[in-house]
Each structure stands twice: as structure tokens, then as C-alpha cells.
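# Structural features, examined
One-letter residues, chain by chain:
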Amino acid sequence: MENVKLNKEFYPLNAINQAVKDFKEAASIKIRNEENHYKIEITPKQNIQFLKEEFANYVLGISKNKRVS
Amino acid sequence: MSKISNLEIIKEDNKVIIKINPKIYPLEVVYSAAYVFLDKAYILIDGDPKKEIIVEAKPKEEKNLEYFGGEFNNELLNYLTYKNFSDKNKDIRTMIVQRALITGDPDVLDNKNSFDDEELDEETKKLLKELEDDDDDDFLDDPEGIAIPWEEKYGKESKKENKKPKVREDGKRKTK
């Protein structure tokens, strides 16, 4: 299992939820609510290198696009 | 001479930390710059959007980390400049779009709700006045004669070149 912490100020929950849906085939993902961060627990279903980093990038992309729209 | 830098290089983890002042580079500028690098690096944004934004960038390929951090700084500046110009020209863009969408309703032209002259700076007021005074009929000028129909332009000459043979009433061609 891999963990990544995403700051609530920069990564909105709706963007994370969207990413979790999109990644459901690649990994089983849980979101834990902490004080300033969301702790994302990623259990890969496939052998994907840098999965948590890719997930964080993906969430960032969604977050940015949501701000534009 | 001291070196001013907002970069912290962590060679062991192959990543560079970029510290950003949100009073200089607003969050949307940071997002835009980070977005550009998503295919080249793994990006993580942390910190406090009011005090200091911290971007952790881990290049996907082997790269000079200081150079990479410098590139990110350049992109920040790029988007900041773009944002400043965009904000400055927002009113003019809105007016241009409104003019383009104007229907035959004269009330739209008279509607001052979208613009309050007191809010606009002098340069914007000047440009808006130029747009209002602009003679829209300029596009009707046709110095090259492109709009003239072909028949009107060449019709008489072509008639002279392509003379139809004169035919008598009995159907036989007339000779000279």
C-alpha cells in the first residue's frame, strides 16, 4: 500500500473523488481526513510504477481545470 | 555575493523544492505553471496559500534539478505576466464580445450596466471611445474591386471576344 498526503487548500475533495473513480481499475483507494491534509491510501491492482505520484498529478490536473471552469 | 534562490535541491530523492510567495504569484498562476509540468515531472503542492506555497517537483527523467527548478520559475513568471495582461484587458475584451453579439436592439448599446466609467482607467476609456467612434462601414470599401461581380467587370469585354455567329432566319449562317 502506498500513501500520499494532499493538502486540502490545493486539492479539493471533489477533485480527489473524481480521480478515485477514474483510477478504480488501477487501484483501490481510500481517503482519510486529517487536519490539513487528505491522506490517500492506494493499494495497486496492477503493477504500475509511480502510481501514487501519477494519482497526485491527476488530482492536480482536475483541480486546475475545475478552477478554470 | 549571496545567491537568491527559492529552490532547494534534494539529490538523493531526485527532486527540487520550489518555494513561492503567494503575494507575488497567486495560486492560479502556480496551478497553471504546475499544470505545464505534469507530463515532465511528478508535482506536489503544499504549504499555506496565504504565506508560502511549496511545490515539490520530481522530474520523470534524469535532469539537472537546478535547471528544472529554474524552468519552473520561468513558467511562473510567464503565467503571471499573462494574468496581468488578461486582467488589464478584461473590460475591452468584454466590450468587443458584446459588440460582436449585438442584435438590432438599440437598448443593448445604451445599457451601461456592464461598464461603469468611473471604474475604468484612462487608457481603457480612451480605447473604448475609439471603438465607439470607429466607422464600421470601412469594410464596405473595396479598393481592389473584389466585390464587383464578374459579369459586370468583364461581361462587355467577353461579349466582344466570344461573338456568337449570326444566324439567318432560315438557320444558315450569315456571311460577311
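Scroll up to find the structure this text is about.
The text that follows walks through the structure, step by step, so that each part is easy to find. Bear in mind that the values here come from a model prediction, so they are computed numbers and not experimental data.

### Things to note about the pattern of salt bridges
On inspection of all chains with the given rule, the structure shows seven salt bridges over all chains. Put simply, Lys60(B) and Glu54(A) hold a salt bridge, and the shortest N to O gap is 3.9 Å. Placement of Lys60(B) in the loop between strand S4 (52-59) and helix H2 (65-88) and of Glu54(A) in helix H2 (residues 51-68) is noted, with the two residues assigned to different chains. The exposure class of Lys60(B) is partly exposed, given its relative accessible area of 34%.

### Quick word on H2(B)
All names here are of chain B. Counted at 1.5 Å a residue, the expected span for H2 with its 24 residues is 34 Å, and the 35 Å between its end C-alpha atoms agrees. The inward-facing, buried residues of H2 contact strand S1 (7-10), strand S2 (15-20), helix H1 (27-36), strand S3 (41-48), S4 and helix H3 (90-101). Its side-chain oxygen placed 3.0 Å from the backbone nitrogen of Glu66, Asn64 serves as the N-cap of H2.

### A word on the sheet that holds strand S2 (residues 27-33) of chain A
By way of backbone hydrogen bonds, the strands of a sheet pair with one another, either parallel or antiparallel. Residues and elements named next belong to chain A. Strand order in the open sheet formed by three strands is S1-S3-S2, with antiparallel pairing between adjacent strands. The outermost strands of the open sheet, each flanked by one partner alone, are strand S1 (2-7) and S2. In this sheet, adjacent strand axes meet at a mean angle of 25° when their direction is disregarded. Bridge count between S2 and strand S3 (residues 37-44): seven bridges; the pairing is antiparallel.

### Describing H1(B)
Counting buried positions along H1(B) yields seven of 10 residues, so the element is predominantly enclosed. Those residues of H1(B) that fall on the buried side of the exposure criterion are Leu27(B), Val29(B), Val30(B), Tyr31(B), Ser32(B), Ala33(B) and Ala34(B).

### Examining the packing of aromatic side chains
Under the defined criterion, the tally for this structure stands at five aromatic pairs over all chains. On the basis of an interplanar angle of 85° and a centroid distance of 5.3 Å, the ring pair of Phe23(A) and Phe55(A) is categorised as edge-to-face. Remark: Phe55(A) occurs in helix H2 and Phe23(A) occurs in the loop between helix H1 (13-22) and S2; sequence separation between them is 32 residues. Its relative accessible area of 12% is what places Phe23(A) among the buried residues. Relative to Tyr42(B), the ring of Phe50(A) lies with its centre 5.2 Å away and its plane at 35°, an arrangement referred to as tilted. Residue Phe50(A) is found in the loop between S3 and H2, and its partner Tyr42(B) is found in strand S3; the two belong to separate chains. Assessed through its relative accessible area of 36%, Phe50(A) is described here as partly exposed. By relative accessible area, which is 9% here, Tyr42(B) ends up buried. Three or more aromatic residues joined by ring pairs form one cluster here, namely Phe23(A), Phe55(A) and Tyr58(A). The ring of Tyr35(B) carries the charged tip of Lys64(A) above its face, separated from the ring centre by 4.7 Å.

Cut-off values and rules
- Residue numbering note: each chain is counted from 1, following its sequence as written.
- Chains and ligands are labelled sequentially in the order written, the chains with letters from A and the ligands with numbers from 1.
- Since the coordinates come from a predicted model, pLDDT governs what is reported: local features require at least 70, and pairs of side-chain atoms require 80 or more to be given and counted, while whole-chain, interface and lining totals use all residues.
- The basis for the side-chain values is all heavy atoms of the structure; hydrogens and waters are excluded.
- The rule for a salt bridge is simple: a side-chain nitrogen of Lys or Arg has to be within 4 Å of a carboxyl oxygen of Asp or Glu.
- A run of H or I in DSSP counts as a helix once it spans at least four residues, and a run of E counts as a strand once it spans at least two, with each numbered from the N terminus.
- Only protein chains enter the area calculation, which uses a 1.4 Å probe; residues under 20% of their type maximum are buried, those over 50% are exposed, and those in between are partly exposed.
- Every helix has an expected span of 1.5 Å times one less than the residues it contains.
- Any two residues whose heavy atoms approach within 4.5 Å at even a single point are treated as in contact.
- Here a polar contact is recorded for every N or O atom pair within 3.5 Å, except that within protein the pair must consist of a potential hydrogen donor and a potential acceptor, and residues adjacent in sequence are included only if both atoms are side-chain atoms.
- Pairing between two strands requires that DSSP report at least two bridges joining them.
- Here, axes are lines fitted to C-alpha atoms. For helices the fit covers the stretch in contact, and angles between N-to-C directions go from 0 to 180 degrees.
- When two rings of Phe, Tyr or Trp (its six-membered ring) have centres within 6.5 Å they constitute a pair, described as stacked for plane angles under 30 degrees, edge-to-face for angles over 60, and tilted for the intermediate range.
- Consider the ring centre and the ring normal. A charge sits over the ring if Lys NZ or Arg CZ is within 6 Å of that centre and within 35 degrees of that normal.

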